[in-house]
Amino acid sequence: YPVRLPLDVLLVFSANPEDYTARGKIITPLKDRIGAEIRTHYPAHVSSGITITEQEAWTNRGETDSPRVEIPQIIREVVEQIAFQARDDKRLDQRSGVSQRLPISVLEAVVSNAERRALLNNEAVASPRIADIYAAAPAMTGKIELEYEGEQLGAERIATELIRRACSEVFVDRYVQVDVRQIIDFFGQGKIILLNEMDNDNETFAQLNKVKGLVNAARSGKIEDENTNTLIVACELILEGLHAQKKVARSFEKGEAAYKQAPSERRSRRGEMFDEWGEGRLN
């Protein structure tokens, strides 16, 4: 005789990404016994991703002998945009996907680099900068699977490009209406500024202040407050945004970033000079 027992049992099945199990889906005989299937997805909006990353990342170190960590909102937005850019990049294996663990790991590495700088400079506050995101690139390379084209370029170069594109997205959102012609003209005169990722806040802010119109432009966009740390990040974001738009050139070596006139701007200015002399524009 069949006997039915009123058991209160709930079975839940999950499928790992394809690169974990070489299957990537729940097998059909098993699905036939499941009452409902729930499909999950990545965060649809950057704000949702920021909330998840803030909740899961180890950024509140809670140690009395360590510098106090203060993360500018710009840094959170750029870190989250990296994941959003990676999920749309065809050079990455989208079957493996780019999980939320990527921005979580990147933000933790960013904070660690900021702490290292604060300890070296005996500063009470560790405030991350855009330079710290570039320093955290190794936290990205282990979280992505590359397609053939990406393998040819290399994970480090892909990571750098993703950071630059993420900076560009945040720059456009915050500074699209801000006049940056003074900044471009400053570099158009052949001037260069050097930013070392281990310089203290005062040294870095002094370097940024050399660029005519940069600090005022940073204040003119969307900015949460005007303390030194926030202004440094905002100024860096503007420089990175102009670099992404190929209006300012950027080179990096041994922890030091150099911003200078872009080659395209040099050609443009040469053409303007020839027009003034009446000898026609250079091609």
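Here, every reference points to the structure presented above.
These remarks concern the structure in this document. Residue positions are given per chain, counting from 1 as you read along its sequence in written order. Residue-level local features of this predicted model are given only where pLDDT is at least 70; pairs of side-chain atoms are given and counted only at 80 or more, and the full residue set underlies all totals for whole chains, interfaces and linings. Water and hydrogen atoms were dropped before computing side-chain values, which therefore reflect all heavy atoms in the structure.

Let us look at the sheet that holds strand β4 (residues 248-253). One open sheet accounts for 3 strands, arranged β3-β5-β4; its pairing is antiparallel. The sheet is open, and its two edges are formed by β3 (193-196) and β4, each paired on a single side. Across the sheet, the axes of successive neighbouring strands diverge by a mean angle of 20°, strand direction being ignored. One bridge is not enough; two strands pair if DSSP finds at least two bridges between them. Under the scheme used here, helices are H or I runs from DSSP no shorter than 4 residues and strands are E runs no shorter than 2 residues, and both carry numbers assigned from the N terminus. Note: β3 against strand β5 (residues 256-261), 4 bridges, orientation antiparallel. Bridging from a neighbouring strand, Leu195 pairs with Ala257 of β5. Set on the sheet, helix α10 (residues 181-188) makes contact with β3, β4 and β5; between it and β5 the angle comes to about 95°. Note on definitions: angles span 0 to 180 degrees between N-to-C directions of axes, and those axes are lines fitted to C-alpha atoms, for helices only across the stretch in contact. Here, two residues are considered to be in contact whenever any of their heavy atoms come within 4.5 Å of each other.

Moving on, we get to the side chain of Gln100. Inspection of the secondary structure puts Gln100 in the loop between α4 (73-86) and α5 (101-120). Two N or O atoms form a polar contact when they lie within 3.5 Å of each other; inside protein one atom must be a possible hydrogen donor and the other a possible acceptor, and for residues adjacent in sequence the pair counts only when both atoms belong to side chains. A distance of 3.2 Å separates a polar atom in the side chain of Gln100 from a polar atom in the side chain of Arg87.

Where helix α3 (residues 46-56) contacts α4, the two axes come as close as 9 Å, and the packing angle between them is 105°. By the angle between their directions, the pair α3 and α4 is classed as roughly perpendicular. The residues of α4 that touch α3, namely those facing Val46, Gly49, Ile50, Thr53 and Glu54, are Gln73, Arg76, Glu77, Glu80, Gln81 and Phe84. In what follows, roughly perpendicular refers to angles from 65 to 115 degrees, roughly parallel to angles under 35, roughly antiparallel to angles over 145, and oblique to any angle outside these ranges.

This part is about the packing of helix α9 (residues 155-175) against helix α13 (residues 228-244). Where α9 meets α13, the closest approach of the two axes is 8 Å, and the angle between their N-to-C directions is 110°. One element, α9, and the other, α13, form an angle in the roughly perpendicular class. Of the two possible hands of crossing, α9 and α13 adopt the one that is left-handed. Residues Arg164, Cys167, Ser168, Val170, Phe171, Arg174 and Tyr175 of α9 form the contact with α13, whose participating residues are Ala234, Leu237, Ile238, Glu240, Gly241, Leu242, His243 and Ala244. Following the grouping adopted for this structure description, the nonpolar residues are Ala, Val, Leu, Ile, Met, Phe, Trp, Tyr, Cys and Pro, the charged ones are Asp, Glu, Lys and Arg, and the polar ones are all others, Gly among them. Of the residues in the contact of α9 with α13, the class split is 9 nonpolar, 3 polar and 3 charged. If you view the pair so one helix is near and one far, a crossing is left-handed when the near helix is turned anticlockwise from the far one by less than a right angle, and right-handed when it is turned clockwise.

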